[in-house]
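# Architecture at a glance
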Amino acid sequence: MCACRCGINVHIKDGKIRYIEGNRDHPVNKGVLCAKGSAGIMQHYAPARLRAPLKRVGPRGSGEFQEISWDEALGIATEWLGEVRHRDPKKLAFFTGRDQSQSLTGFWAQQYGTPNYAAHGGFCSVNMAAAGIMTIGGAFWEFGAPDWDRTKLFVMFGVAEDHDSNPIKIGISKLKQRGARFVSVNPIRTGYSAVADNWIGIRPGTDGLLILSVVHELLKARKIDVDYLVRYSNAPWLVIDAPGTPEHGLFARDGEGRPLVWETVTERAVPTGTRGARAALSGRFELPDGRFAVPSFQLLAEKYLDPKYAPEAVAVESGVAAETIRGLAAEIARVAFEEEIFVDQPWTDVNGQRHQGYVGRPVSFHAMRGLSAHSNGFQTTRALHMLQVLIGAIDCPGGFRFEPPYPKPLTAHPTPHGRAEHFGSDKPLAGPHLGFPRGPEDLLVGEAGQPARIDKAFSWDAPIAAHGMMHMVIANAHAGDPYPIDVLFMYMANMAWNSSMNTAGTIKMLEDKDPATGEYRIPKIIYSDAYASEMVAYADLVLPDTTYLERYDCISLLDRPITEPDAVQDAIRWPVLEPDRDVRAFQSVLIDLGGRLKLPGFADGMGEPLYKDYADYLVRHERRPGIGPLAGFRGSQGDRAGRGAANAEQLQRYIDNGSFFSAHIPLEAQFFKHANQAYQDFAVRMGFFDMPQPVTFQLYQEVLQKFRLSAQGLRDPVAPDTHRQRILEAFDPLPDWYRPFGEALVDRSDYPHHAITQRPMAMYHSWGSMNAWLRQIHTKNPLYVPGPICDELGLKDGDWAWVISHHGRIKVEVARMEAVNTSTLWTWNAVGKRAGAWALDKDAPEAKKGFLMNHLIAELLPPREDGMRWSNSDPVTGQAAWYDLRVRIEKAGAGEAVSEPQFSPLVQPEPEPHPMELRYGQEWAR
């Protein structure tokens, strides 16, 4: 139901859900529950629930379906999928939305053999994950958290109110009780920002400039933790200074590949980690082979001490006053170095050095989609992590802390698989789809440089698309670029509405036919969802899912864990009710299909299915010997954690323990996990690694420099001419800022305002739209317009206005707001619905007065002079750039008070019969 994954207790009476409360023992929420959790009753009993498998019998979008049996549905799916796998497995595109089973879906796709798999991260937060893992070995949210109990200054950037909401609310309450300062950097002051001690109403897309200006001030004032930098980062690593050669900008290494530092006492280059070495952070040194090199920190200092990062210069672009930037930098420095804390716990680092305790810099940061969803988001997020490293505030008391199984160095992650040599007919893919290229040699491209994946992830278009590019799948498949597909298989991804840029265009692509053959350009679409979303109407085969209270789920360490800095944790969901409809859990359906298709890992050598259902898979599947989806209660006696044989009673043990497992991390291992020998040993025992994997923070990113060398024609494979300038500008090995493409490529005088969305606390994506209780909070969404713009245009609350981008126009209802950046218009995300969807009445306010900003956003950037059109994404990771939108606003004339565009009402599959007004405890007949 929500990515927070809070523990709940569900009370049943007479076979019906009567009450949902928070589980006070659960480590995530400790009993706290928000509106979403409490309203889970109506999530389960929503009239929009699908009730049986469906086969399309009319045109796509017509709503003409025939209910069929599961035998027929699975037979059709097996026939379609089997034929494609035998003929050309890349012609299957399998993409899933915000599900909690990506370790399963990815494994299934790998065994099927298609290169075309990913989940929702490419249009949500891949910049967060990729930038964090490549810089510090972890990332915000699911890979780390602020030290809520010790931090004295908490700075939050662009966090939506529905993400991790209960833990963040609990954490902020701790800050308030202790008198710690909370600073929020966000164009909009709602939710978390509304209770911040200081709100910085930044202009969208300029957070990176603000962060680098703070770095500028800290460097000028010499308020950095030099000892921390030398010990834990690549600041002293020597960077080769040899312009015009294939090694320029790469690290100097010894014969064993170890990076070199300059030892200041003996005045020679030695491998990093050399005991007793005093490494230089500045200077230019001659190497034994005659080349010259400089420490990466010198390059860093030279870059950010440039006057263009001074607060006065940055203030104009960011909209944040110079004195505010200086004040933020000064406060960060003061708290980090004058309010240092110490935890008296001896520990030993991975180099064998004993420390008497943990030094803490009690400044912590948190960020999410507000940074991520820009075309400069990767570099901006790297800048924020660099700032944390410079003050020594990563995984120390009071700072940002890693959550196991992180941190992991880049080398602990796989490289992506999907080139032609990685797959073949009726064969599994040679390795995992998603990963991290170490350089251009790991791209998934053909000999002529053409993308191997339908979404063009890991191609020259988006080389480090670590989560794929789900937002480009339908457009590329429709265009047959780089090739057409035969089957589009999607789970819980509402691509026909709020999960697509250019929503109207996407709908047309789903409906479009090849005039030569009369067949749909995307020939077959299989879709699974629990509810009658907009996407259901465009499927050819619908596999109805259960609600979240009718199935097993696994919150796995192999996937998106719920661990905390002090404990390793995972959890399950278990069904409290049997479905009263002919529906099946998607995960079990996928396992069934795997058996029918005789996929390796899902069928034995005789072709017999290996698993009965998802619950059976959770207990008996092993990704590596002794490592399965669940870490708790392993071994024949259920007394093993992390590693151990399968335990037939494992799920019951989870249920008896409140549905979760928790293993405390010894105090000696709780901090400095990236360099703590006790933690590294603990991680090996738990099965995170098979050998210690310490992390050196990568302030200077060599992988990015390799791509720049390819763009300069100095390194094979050489980047195509069409991509060279783009790579040179965006792949700076030190964190950089450039104007977001969606803003830079339009006339800013024609489109003077920013337009962004936020997800409300009471909704998660669009999944509250069928919930009768949550609809009482949000049934429509106005456009919030800054007071000065309202005054200029004569707009008042309840007026209607046209909002116009280079791509489209929408008509919306206006509400005045003062607590917002004065150049930024905004609205709540995904409240607006298409008439007829989600079992809502065609005249429901969501359809008549709700709206989507998506209609204004193109999936492609405006064409360039050379005719090239790029995806509207970050050029490094392919992250969808939802928040780069520039618009103008005009007061609408007299007319109907209805949002536009309006689409013809969807005729959905016959929903559960229900009265027009739903009441708690009300019964209705089938």
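Up top is the structure these notes are about.
Overview of the structure. Keep in mind the model is a prediction, meaning the values are calculated, not measured.

### Concerning empty space enclosed by the protein
For the coordinates displayed, the defined rule picks out 11 cavities of 30 Å³ or more. Computed from the structure, the largest cavity encloses a volume of approximately 290 Å³. When the residues that make up the lining of the largest cavity are grouped by side-chain class, the tally is 10 nonpolar, 5 polar and 8 charged.

### A few points about the sheet that holds strand S27 (residues 660–664)
The strand order across the open sheet formed by 3 strands is S25-S26-S27, and the pairing between neighbours is antiparallel. Since the sheet does not close on itself, it has two edges, and those belong to strand S25 (553–555) and S27, each with one partner. Strand-to-strand, the axes of this sheet are offset by a mean angle of 10°, without reference to chain direction. In this sheet, strand S26 (residues 567–573) lies alongside S25 in antiparallel orientation, the contact comprising 3 bridges.

### Here's the deal with helix H4 (residues 102–112)
Burial analysis of H4 places 11 of its 11 residues in the buried class, the great majority of the element. Restricting attention to buried positions, one finds in H4 the residues Gln102, Ser103, Leu104, Thr105, Gly106, Phe107, Trp108, Ala109, Gln110, Gln111 and Tyr112. Against helix H3 (70–87), strand S5 (92–96), strand S6 (117–118), strand S22 (487–491), helix H17 (586–596) and helix H18 (614–620) lie the buried residues of H4. Of the residues trailing H4, Gly113 is marked for its positive phi of about 105°.

### Things to note about the sheet that holds strand S9 (residues 181–185)
Taken together, 4 strands build an open sheet; the order of strands is S10-S9-S8-S20 and the sheet is parallel. Only two strands of the sheet have a single partner each, and these edge strands are strand S10 (198–200) and strand S20 (363–367). Neighbour-to-neighbour, the strand axes of the sheet open up by a mean angle of 15°, direction not taken into account. Of the pairings in the sheet, the one linking strand S8 (residues 153–157) to S9 comprises 5 bridges and is parallel in character. Bridging across to S9, Met156 finds its partner in Ser184.

### Focus on the nonpolar core
Core analysis: the biggest nonpolar cluster contains 150 residues, and Leu81, Trp108, Phe157, Phe297, Phe365 and Phe489 have the highest contact counts within it. Leaving out residues up to four positions away in the same chain, Phe489 has contacts with Leu81, Leu92, Ala93, Phe94, Phe95, Trp108, Ile526, Phe586, Leu590 and Leu593. Within the second largest apolar cluster, 84 residues are counted, among which are Ala462, Tyr531, Met817 and Leu885.

### Regarding the pattern of salt bridges
As enumerated under the stated definition, the model contains 65 salt bridges in all. Residue Asp545 is joined to Arg551 by a salt bridge in which the shortest nitrogen-to-oxygen separation is 3.5 Å. According to the relative accessible area criterion, Arg551 is buried, its value standing at 10%. Here Asp791 makes a salt bridge to Arg816, at a shortest N to O gap of 2.8 Å. Of this pair, Asp791 sits in helix H24 (residues 787–793) while Arg816 sits in strand S31 (residues 809–817), placing them 25 residues apart in sequence. By relative accessible area, which is 55% here, Asp791 ends up exposed. Classification of Arg816 as partly exposed rests on a relative accessible area of 34%. Among the charged side chains, a network of salt bridges with common partners joins Arg203, Glu317, Arg739, Glu743, Arg748 and Arg886.

### Remarks on the environment of Asp613
Among the secondary structure elements, Asp613 is positioned in the loop between H17 and H18. Of the residues examined, Asp613 reaches a relative accessible area of 24% and is grouped as partly exposed. Each C-alpha atom of the pair Asp613 and Gln587 lies 7.8 Å from the other, and the pair is 26 residues apart in sequence. The contacts of Asp613, once residues within four sequence positions are left out, are Ser588 and Ile591. A distance of 3.3 Å separates the side chain of Asp613 from the backbone nitrogen of Ala615, its partner in a polar contact. Within the structure, Asp613 has its side chain in polar contact with the backbone nitrogen of Asp616 (distance 3.0 Å).

### Comments concerning unusual backbone geometry
Residue Tyr406 is joined to Pro407 through a cis peptide bond whose omega torsion reads 15°. With an omega of 10°, the peptide bond running from Glu900 to Pro901 counts as cis. Along the polypeptide, Pro901 turns up in the segment after strand S33 (886–891). Even without being glycine, Met492 reaches a positive phi, approximately 50°. Tracing the chain through its elements places Met492 in the loop between S22 and helix H16 (503–511). At Lys598, a position not held by glycine, the phi torsion is positive, near 60°.

### Re the packing of aromatic side chains
As enumerated under the stated definition, the model contains 39 aromatic pairs in all. Centroid distance Phe602 to Tyr617: 6.4 Å. Interplanar angle 5°. Geometry classified as stacked. In this pair, Phe602 is assigned in the loop between H17 and H18 and Tyr617 in helix H18, connecting sequence segments 15 residues apart. Residue classification places Phe602 among the buried positions, given a relative accessible area of 1%. Taking NZ or CZ as reference, Lys524 lies 5.8 Å from the ring centre of Trp80, over its face. The side chain of Lys811 reaches across the aromatic face of Trp800, ending 5.7 Å from its centre.

### A word on the pairing of S33
Pairing of strand S28 (residues 753–758) with S33 involves 2 bridges; the strand directions are antiparallel. Across the sheet, the residue bridging to His754 is Arg886, located in S33. Direction of pairing for strand S30 (residues 800–804) relative to S33: antiparallel, over a ladder of 4 bridges. Paired with Ile804 across the two strands is Arg888, which belongs to S33.

### Re the side chain of Glu161
Following the sequence through the fold, Glu161 ends up in the loop between S8 and helix H6 (165–178). Reaching out from Glu161, the side chain makes a polar contact with the backbone nitrogen of Gly191 at a distance of 3.2 Å. Apart from residues lying up to four places away in sequence, Glu161 is in contact with Thr190, Gly191, Tyr192, Gln758, Arg759, Pro760, Met761 and Trp828.

### Structural notes on helix H8 (residues 207–220)
Between its first and last C-alpha atoms H8 spans 20 Å; for 14 residues at 1.5 Å apiece the expected length is 20 Å, and the two agree. Positive phi appears at Arg222, one or two residues downstream of H8, with a value of about 55°.

### Looking at the packing of H8 against helix H14 (residues 377–390)
Between H8 and H14, the least distance of the axes is 8 Å, while the angle of their chain directions is 25°. When the axes of H8 and H14 are compared, the pair comes out roughly parallel. Judged by the twist between their axes, the crossing of H8 over H14 is left-handed. Residues Asp207, Gly208, Ile211, Leu212, Val214, Val215 and Leu218 of H8 form the contact with H14, whose own contacting residues are Thr380, Ala383, Leu384, Met386, Leu387 and Leu390.

### Considerations on the packing of H8 against helix H12 (residues 322–338)
Running from N to C, H8 and H12 point in directions that differ by 60°, and their axes come no closer than 9 Å. If you check the angle between H8 and H12, you find them oblique. Taken as a pair, H8 and H12 cross one another with a handedness that is right-handed. Residues Leu210, Ser213, Val214, Glu217 and Leu218 of H8 form the contact with H12, whose own contacting residues are Ile325, Arg326, Leu328, Ala329, Ile332 and Ala333.

The rules behind these values
- Residues numbered from 1 in each chain as written.
- Predicted model: local features only at pLDDT ≥ 70, side-chain atom pairs only at ≥ 80, totals over all residues.
- Heavy atoms only, no water.
- 1 Å grid on protein atoms, 1.4 Å probe; cavity = no way out; pocket = protein on both sides within 12 Å on 5 of 7 lines; lining within 4 Å.
- Points joined across faces, edges and corners; volume = space filled by probe spheres on them.
- Nonpolar A, V, L, I, M, F, W, Y, C, P; charged D, E, K, R; others polar.
- Pairing = 2+ DSSP bridges.
- Helix = DSSP H or I, 4+ residues; strand = E, 2+ residues; numbered from the N terminus.
- Axes fitted to C-alpha atoms, helices over the stretch in contact; angles between N-to-C directions.
- Buried < 20%, exposed > 50% of the residue type's maximum accessible area, 1.4 Å probe, protein only.
- Contact = heavy atoms within 4.5 Å.
- Core = buried A, V, L, I, M, F, W, Y, C linked by side-chain atoms within 4.5 Å.
- Salt bridge = Lys/Arg side-chain N within 4 Å of Asp/Glu carboxyl O.
- Polar contact = N/O pair within 3.5 Å; in protein donor to acceptor, adjacent residues only side chain to side chain.
- Phe/Tyr/Trp six-rings, centres within 6.5 Å; stacked < 30°, edge-to-face > 60°.
- Lys NZ or Arg CZ within 6 Å of the ring centre and 35° of its normal.
- Expected span 1.5 Å × (residues − 1).
- Parallel < 35°, antiparallel > 145°, perpendicular 65-115°, else oblique.
- Left-handed = near helix turned anticlockwise from the far one by under 90°.

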